[in-house]
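Summary of structural features
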Protein chains: 4
Amino acid sequence: MARIIDISKMERVKETAIQMVVEKGYGGASIATIAKKAGVAEGYLYRFYKGKEELVVDLLCNKVNEIADELELLLQRCNRVADVVSLLVKKIFQIAENNPDHIKFLYVLMHDYNFKIGDRERERIFKLCREIKNIGSNSGEIGEFITEEDIYMLVNIFPIQFINLRIKNFFGNKSWDNTDKEHIIEIIIKTLKA
Amino acid sequence: MARIIDISKMERVKETAIQMVVEKGYGGASIATIAKKAGVAEGYLYRFYKGKEELVVDLLCNKVNEIADELELLLQRCNRVADVVSLLVKKIFQIAENNPDHIKFLYVLMHDYNFKIGDRERERIFKLCREIKNIGSNSGEIGEFITEEDIYMLVNIFPIQFINLRIKNFFGNKSWDNTDKEHIIEIIIKTLKA
Amino acid sequence: MARIIDISKMERVKETAIQMVVEKGYGGASIATIAKKAGVAEGYLYRFYKGKEELVVDLLCNKVNEIADELELLLQRCNRVADVVSLLVKKIFQIAENNPDHIKFLYVLMHDYNFKIGDRERERIFKLCREIKNIGSNSGEIGEFITEEDIYMLVNIFPIQFINLRIKNFFGNKSWDNTDKEHIIEIIIKTLKA
Amino acid sequence: MARIIDISKMERVKETAIQMVVEKGYGGASIATIAKKAGVAEGYLYRFYKGKEELVVDLLCNKVNEIADELELLLQRCNRVADVVSLLVKKIFQIAENNPDHIKFLYVLMHDYNFKIGDRERERIFKLCREIKNIGSNSGEIGEFITEEDIYMLVNIFPIQFINLRIKNFFGNKSWDNTDKEHIIEIIIKTLKA
DNA sequence: TATGAATGAGCCTTCATTCAT
DNA sequence: GATGAATGAAGGCTCATTCAT
């Protein structure tokens, strides 16, 4: 019988790819470097992906879906927008704490005109934002002029922006603590009420 | 008599560079294409910049400073945060309307870990945000827990995010109108008050 | 008890290899594709051949020998050159009709400087041509200045060229019929007489 | 002013490309090797051709047209098929004597299913063959059943086949002399008469 | 015996940069 | 000052081949 696929191998490649894209940008992350760092042959990833782009797109979609999954879960469990927002933002911070590269990866590619996420993901996000809106409209937590778009920007992009500003050390203040998290959550919740 | 340097030449190169970076990404924007489109020799830009990266960094700084300049001007003229925010956001929308590529350029490179803007620019932005804060603290337009960082995110990043979400057609709604602008301005002003 | 080797397996590989070489050229016919199409593991053929080249060379020799076998048979059975030529050419046409790929394969590799057939095959062909010459000299069907080389070119290469010119649709006329076959045979026989 | 294009450089590349294709086949002739042998940078040829294929196709067409040009010239000057054939075959031999690689190149690529010559060239050749036919029909040098296709095979392919058989040392007899040339010419002329 | 996961040399191509003119 | 011919390192990718199972 032939050798069994070493699952950890491709995992290593994926992790390294995320690292390199974050560090050097999509263009700067070469297959050769990724493979070497992952301890894998250059041609290895082509057994699983058609090419570099397919790999990165897949990683991006996974990351987006990971957050969407969490949001979906929270929407099932919580019946107040405040809780949903609070827990989602904490989840995002948690990702940033455990895997800073993952949140940086998301940050970098979300803003790259060459890596739009798929229509399916976009529609899913839209629906989830609408659900938040519905809950908030009923509970009075969301103002009548707040759109799904606003919700997306506040609940998803805003925390990611904050985290990356901190990682980039943009205003000199490194990292973050619980106070920062609560601060961000409060701003979001208040703004939604507007 | 020495020939006068054709000032417009380098301008053409810069404009084309912005266009190409937006269209094809940093990696995809080749010097050869830029030079050809600008009607300039391939080697031309090396008389002014060390290389491609230096050129792009310079363009990014210019763009950032352009907005900072506007903000500085508004701070001199206005004595209410509401006016500053309103006029600045309108200015950003204006740039997006007259030169969509410029706002896309800013959007793309602001979020690229390979293109951090210089310390000087960052400090300048920080000071301007502090000035907004001071005005707002006095006039009661800015809540006591709002930081310079929050102001930066709300006043600068938020509108740029909105515009690009629309350009990307993220939620299906193309472009924007005055109602959208007022909507964004209102959200920002209300959030600052929080 | 040892398992019996599945003879048809290697046969399938060989047939597929011929197909792929014809379709994509030697370089374009990848072992992976051949193996997959033949329903065999990629590493399978290495139990029988040193590598891709050896396989293809072997196939070429087989094909050459197949025609030589036929010629040998005809020489035993016929005592007129006209019959030998007629039947051999018809045989070649028959191969082209039943297995167009085989005749294309022969055509392509016969003319590739990287795939000379072995000395043994060449000598065999030479001897067969000499035999034709001998018969023709005695029967008056072959002119005194016609060499073995001429015979080879007329009797073997000429029909193969004709067939491939037609397959390639070189002069717009697709395929061939019995009239074409008789036409080619007649030209060959008349030329030999010269 | 910028440097002037060194015309001989591209000539060297072309010549080397022909050599390498003959020696190693199209697939085996790598750009790196060609460039190195031609004393030129690897990227050089991409200033003139889109890629390897375009280069080789161009070389093939040039070679085909060179022979077509000669044939056209001969048709203007001669009024007997015998003369046309004799001079054309001698021309082909001459090419083989001066540039053996060129005739080998033609031989190899004419028989490669991946390198069909353009429609324009094919039609041109067809017309030239028809012209030969017309002349021969009038002068009685060409039999009534001989087609343009036959003429093409006899006048063009036949000599090229002969030359390459000799170069390949197929029947042990190296090279050729004037007697060989006359022999081939005679066969062709006699066959056409049939 | 047969498999097919894994390799890595080598392919074609691009393009930022240099420098003779 | 300005040009653009020429470079060659580096990129993404393919695929014949190997070998643990």
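Since the model is a prediction, treat every value here as computed from it, not as a measurement. (Residues numbered from 1 in each chain as written. Chains lettered and ligands numbered in written order. Predicted model: local features only at pLDDT ≥ 70, side-chain atom pairs only at ≥ 80, totals over all residues. Heavy atoms only, no water.)

Observations concerning the overall build of chain A
Rule in force here: We count a stretch as a helix when DSSP gives it H or I for four or more residues in a row; a strand needs E for two or more, and each element gets its number in order from the N terminus. Three exposure classes are used, based on accessible area relative to the maximum for each residue type with a 1.4 Å probe and protein chains only: buried under 20%, partly exposed in between, and exposed over 50%. The contact criterion used throughout is that any non-hydrogen atoms of two residues lie within 4.5 Å.
Helix and strand counts for chain A stand at 8 helices and 0 strands. Summarising its shape, the C-alpha atoms of chain A cover approximately 60 × 40 × 30 Å along the three principal directions. Every one of the 194 residues in chain A was classed for burial, and the buried ones make up 54%. Restricting the contact set of chain A to residue pairs at least 6 apart, pairs at least 24 apart contribute 71%.

Looking at the relation of the copies chain A and chain B
Put simply, the rule reads: Here the copies are matched by least squares. The fit uses the C-alpha atoms of residues with pLDDT of at least 70 in both.
Structural alignment of chain A on chain B gives an RMSD of 0.5 Å, achieved by rotating through 179° and translating 0.2 Å along the axis. These values place the two chain copies in the arrangement generated by a two-fold rotation axis. Looking at the interface residues of chain A, 96% of them are also at the interface in chain B, so both copies use one shared face.

What about unusual backbone geometry?
Despite not being glycine, A:S175 has its phi angle at roughly 45°, a positive value. On the basis of relative accessible area, A:S175 is assigned to the partly exposed category, the value being 41%.

Here's the deal with the packing of aromatic side chains
Note the following rule: Each aromatic pair joins two rings of Phe, Tyr and Trp (for Trp, the six-membered one) with centres within 6.5 Å, and gets the label stacked for planes under 30 degrees apart, edge-to-face for over 60, and tilted for any other angle. Here, a charge over a ring means that NZ of Lys or CZ of Arg falls within 6 Å of the ring centre while also lying within 35 degrees of the ring normal.
Tallying each qualifying case throughout the model produces 36 aromatic pairs over all chains. Taking 5.0 Å as the distance between ring centres and 15° as the angle between the ring planes, the aromatic pair formed by A:F170 and B:Y152 counts as stacked. A residue pair is termed interchain when its members come from two chains, as with A:F170 in the loop between α7 (148-167) and α8 (178-193) and B:Y152 in helix α7 (residues 148-167). The two residues A:F170 and B:Y152 agree in class, both being buried. For the ring pair C:Y44 and C:F48, a centre distance of 5.3 Å and an interplane angle of 50° mean the geometry is tilted. Assessed through its relative accessible area of 38%, C:F48 is described here as partly exposed. An aromatic cluster is built from A:F126, A:Y152, B:F170 and B:F171, whose rings are joined through pairwise contacts. For the cation-ring pair, A:K168 lies above B:Y113, with the distance from its terminal atom to the ring centre recorded as 5.6 Å. Over the ring of C:Y26 we find C:K52, and its NZ or CZ is 4.5 Å from the ring centre.

Structural notes on the packing of helix α4 (residues 81-98) of chain C against helix α5 (residues 100-110) of chain C
Residue and element names in this part refer to chain C. Quick reminder of the rule: Fitted lines through C-alpha atoms serve as axes, helices being fitted only where they are in contact, and the angles separating the N-to-C directions of these axes extend from 0 to 180 degrees. Throughout, the ten residues Ala, Val, Leu, Ile, Met, Phe, Trp, Tyr, Cys and Pro are labelled nonpolar, Asp, Glu, Lys and Arg are labelled charged, and all others, Gly among them, are labelled polar.
Running from N to C, α4 and α5 point in directions that differ by 115°, and their axes come no closer than 4 Å. Counted together, I92, I95, A96, E97 and N98 of α4 and P100, H102 and I103 of α5 form the full contact between these two elements. Taken together, the residues of the contact of α4 with α5 sort by class into 5 nonpolar, 2 polar and 1 charged.

What about the packing of α7(A) against α8(A)?
Residues and elements named next belong to chain A. Put simply, the rule is: For classification purposes, an angle smaller than 35 degrees is called roughly parallel, one larger than 145 roughly antiparallel, one from 65 to 115 roughly perpendicular, and anything else oblique. Crossing chirality is assigned from the near helix's rotation relative to the far helix, an anticlockwise turn below a right angle marking it left-handed and a clockwise turn marking it right-handed.
Where α7 contacts α8, the axes come no closer than 10 Å and their chain directions differ by 155°. Between α7 and α8, the angle falls in the class roughly antiparallel. Read as a crossing pair, α7 and α8 show a hand that is right-handed. Of α8, the residues touching α7 (which contributes I151, L154, V155, F158, P159, F162 and R166) are D180, I184, I187, I188, T191 and L192. In terms of residue class, the contact of α7 with α8 is built from 10 nonpolar, 1 polar and 2 charged.

Brief notes about the relation of the copies chain C and chain D
Of the two same-sequence chains, chain C is brought onto chain D (RMSD 0.5 Å, axial shift 0.1 Å) by a rotation of 178°. A symmetric contact is evident, with 100% of the interface residues of chain C recurring at the interface of chain D.

Here we look at the arrangement of the chains
In this structure chain A stays clear of chain C, and the shortest span between their C-alpha atoms is 10 Å. Here chain A and chain D are not in contact; the least distance found between their C-alpha atoms is 20 Å.

Considerations on the interface of chain A and chain B
To be explicit about the condition: Computed with a 1.4 Å rolling probe, the buried area is the accessible surface lost when two parts are put together, summed over both parts. Criterion for a salt bridge: a side-chain nitrogen of Lys or Arg within 4 Å of a carboxyl oxygen of Asp or Glu. Counted as a polar contact is a pair of N or O atoms within 3.5 Å, where, for protein atoms, one must be capable of donating a hydrogen and the other of accepting one, and residues adjacent in sequence contribute only when both atoms are in side chains.
Listed as interface residues are 45 residues of chain A and, on the opposing side, 43 residues of chain B. A buried area of about 3900 Å², summed over both sides, lies between chain A and chain B, and 68% of it is on carbon and sulfur atoms. Among the residues chain A hides against chain B, the three largest losses belong to A:Y113, A:E149 and A:F171. Together they make up 20% of the total. Connecting chain A to chain B are 2 salt bridges. A salt bridge links A:R166 to B:E149; the shortest N-O distance between them is 2.6 Å. Linking chain A with chain B are 15 residue pairs in polar contact (both at pLDDT 80 or more). Looking at the side of chain A that touches chain B, the elements that each hand over two or more residues are α1 (7-28), α5 (100-110), α6 (119-139), α7 and α8 of chain A.

Some words on the interface of chain C and chain D
Across the contact, 42 residues belong to chain C and 44 residues belong to chain D. Both faces combined, the contact of chain C with chain D buries some 3900 Å², and carbon together with sulfur accounts for 68% of it. Considering only the side of chain C, the residues that lose the most area to chain D are C:Y113, C:E149 and C:F171, jointly responsible for 21% of the buried surface there. Applying the counting rule to chain C against chain D returns 2 salt bridges. In this assembly, chain C and chain D are joined by 15 residue pairs in polar contact (both at pLDDT 80 or more). Where the side of chain C that touches chain D is concerned, the elements lending two or more residues are α1 (7-28), α5, α6 (119-139), α7 (148-167) and α8 (178-193) of chain C. Per element, the largest residue contribution to the side of chain C that touches chain D is 14 residues, and it comes from α7(C). Taken together, the residues that form the side of chain C that touches chain D break down as 22 nonpolar, 10 polar and 10 charged.

Description of the confidence of the model for chain A
The line we're drawing: As a per-residue quantity, pLDDT reports the predictor's confidence and falls between 0 and 100.
Across chain A, the average pLDDT comes to 94, with 97% of residues at or above 70. Helix α4 (residues 81-98) of chain A holds the highest mean pLDDT among the elements of chain A, 98, whereas α1(A) holds the lowest, 93.

Things to note about the domain arrangement of chain A
One frequently used descriptor of interface size is the decrease in accessible area upon assembly of the parts. Residue and element names in this part refer to chain A. Heads up, the rule is: Domain start and stop points were drawn from an automatic or database domain assignment.
Annotation of chain A at the domain level lists domain 1 (1-48) and domain 2 (52-193). Using only C-alpha atoms to locate each centre, domain 1 and domain 2 end up separated by 28 Å. Contacts between the two partners involve 14 residues from domain 1 and, on the opposite side, 14 residues from domain 2. Summed over both partners, the interface of domain 1 with domain 2 buries about 1300 Å², with 75% contributed by carbon and sulfur atoms. The largest contributions to the domain 1 side of the interface with domain 2 come from I18, V22 and Y26, which together make up 48% of the buried area. Our count for the contact surface shared by domain 1 and domain 2 stands at 4 residue pairs in polar contact (both at pLDDT 80 or more). With 10 residues, α1 is the single largest residue contributor to the side of domain 1 that touches domain 2. Tallied by class, the residues present in the side of domain 1 that touches domain 2 amount to 10 nonpolar, 2 polar and 2 charged.

What to know about the pattern of salt bridges
This structure, assessed with the given rule, holds 49 salt bridges over all chains. With a shortest N-O distance of 3.3 Å, C:E148 and C:R130 are connected by a salt bridge. Note that C:E148 is positioned in helix α7 and C:R130 in helix α6, a separation of 18 residues in sequence. You can call C:E148 buried: its relative accessible area is 11%. Residue classification places C:R130 among the partly exposed residues on the basis of a relative accessible area of 41%. The partner of D:E186 in a salt bridge is D:K190, and the shortest N-O contact between them spans 3.1 Å. Of the two residues, D:E186 and D:K190 both sit in helix α8 (residues 178-193), 4 residues apart, roughly one turn of that helix. Within the structure, one salt-bridge network assembled from shared partners comprises A:D69, A:E72 and A:R124.

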